[in-house]
Amino acid sequence: MKKLICFLIIFSMAITTNVFARDSYIILSPYPFSTHVLGEDLVIYGNTDFSQVTLGLFYPNDEQGYFGYAKYIATITAQELRQGHVIKTDTTSRLWPKGNWTVAVQYGDVRDEIIIPMSDNANYNRCVRVAQYEDLALVSLDTYKCRGVIIRNGVFGFTTDEGKNIRIFSWDNFSPSTKGDARIFIASYTDEGIVENVQTFYGTVSLDGLHFTLNISDTERVEIFVWEDGITPVN
């Protein structure tokens, strides 16, 4: 009888453990920039249902001879990961080489990782494009070259190669909205946070990744999308 009870307890624990592992997750947010500039703070965002996870930054595993060894290891909380964990990087040197670095977050067998190209120069190889159409014909196109787009609280933010700070967001009755009737704002700001210029459009908005579509009428629409090297959509 005791053996049977012990077996049932162990079996129950095994089922609970498997269900826990199957339902648990770690998801890292894609790095928003095409490259990380060495010397700037590296901020890693993600989400998990574990209370704590281990985050590691690993050297490039290439012909330079760093073999993917760990550069930085830290145990952080789920809240720290959601709010953004900051890793200080230094300018290009033997200890901070250029190349494709790996960021991995893990708890037990559950793991996620992203690859981050690091360089000593900013690469403005992404374009944010605002296209206006009438009767299926393109009537206006504004292009902003940038390193990438940061999305926080429904706001798209980026800095152009000319140093302009741009924010794109859609509101419905002063609340963020990415579907249904809404007004899209495209605003440029000075370094002091003062608005320089604002474009605004009203219609029915939808968002798919980094692609805004705003249907103004049956014949008019505005699309906002991000491309890499001018030819590849960034999702």
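Here is what the cut-offs are and how they apply
Residues numbered from 1 in each chain as written. Predicted model: local features only at pLDDT ≥ 70, side-chain atom pairs only at ≥ 80, totals over all residues. Heavy atoms only, no water. Pairing = 2+ DSSP bridges. Helix = DSSP H or I, 4+ residues; strand = E, 2+ residues; numbered from the N terminus. Core = buried A, V, L, I, M, F, W, Y, C linked by side-chain atoms within 4.5 Å. Buried < 20%, exposed > 50% of the residue type's maximum accessible area, 1.4 Å probe, protein only. Phe/Tyr/Trp six-rings, centres within 6.5 Å; stacked < 30°, edge-to-face > 60°.

1. With respect to the pairing of strand β8 (residues 99–107)
With five bridges joining them, strand β5 (residues 52–58) and β8 adopt antiparallel strand pairing. Of the residues in β8, the one forming a bridge with Phe-58 is Thr-102. When β8 meets strand β9 (residues 110–119), the two strands line up antiparallel, connected through nine bridges. Each bridged residue has a counterpart across the sheet, and for Gln-106 the counterpart in β9 is Arg-111.

2. Remarks on the sheet that holds β5
Ordered in space as β2-β9-β8-β5-β6, the five strands form an open sheet in which the pairing is mixed. The open sheet is flanked by β2 (36–37) and β6 (70–77), the only strands paired with a single partner.

3. A word on the nonpolar core
Residues Leu-42, Ile-44, Leu-57, Val-103 and Ile-116 are the most contacted members of the largest nonpolar core, which totals 25 residues. Counting residues per element, this core draws most heavily on β9, which supplies four residues. By size, the runner-up hydrophobic cluster in this structure holds 21 residues, among which are Cys-146, Ile-168, Leu-214 and Ile-224.

4. A word on the packing of aromatic side chains
Within the structure shown, the criterion is met by twelve aromatic pairs. Ring geometry for Tyr-31 against Phe-33: centres 5.7 Å apart, planes inclined by 85°, an arrangement best described as edge-to-face. Each member of the pair, Tyr-31 together with Phe-33, is buried. Ring centres of Tyr-59 and Tyr-66 lie 4.9 Å apart, and the angle between their planes is 20°; on these two criteria the pair is classed as stacked. The same class applies to Tyr-59 as to Tyr-66, namely buried. Members of the aromatic cluster, each reached through a chain of ring pairs, are Tyr-59, Tyr-66, Trp-96 and Trp-101.

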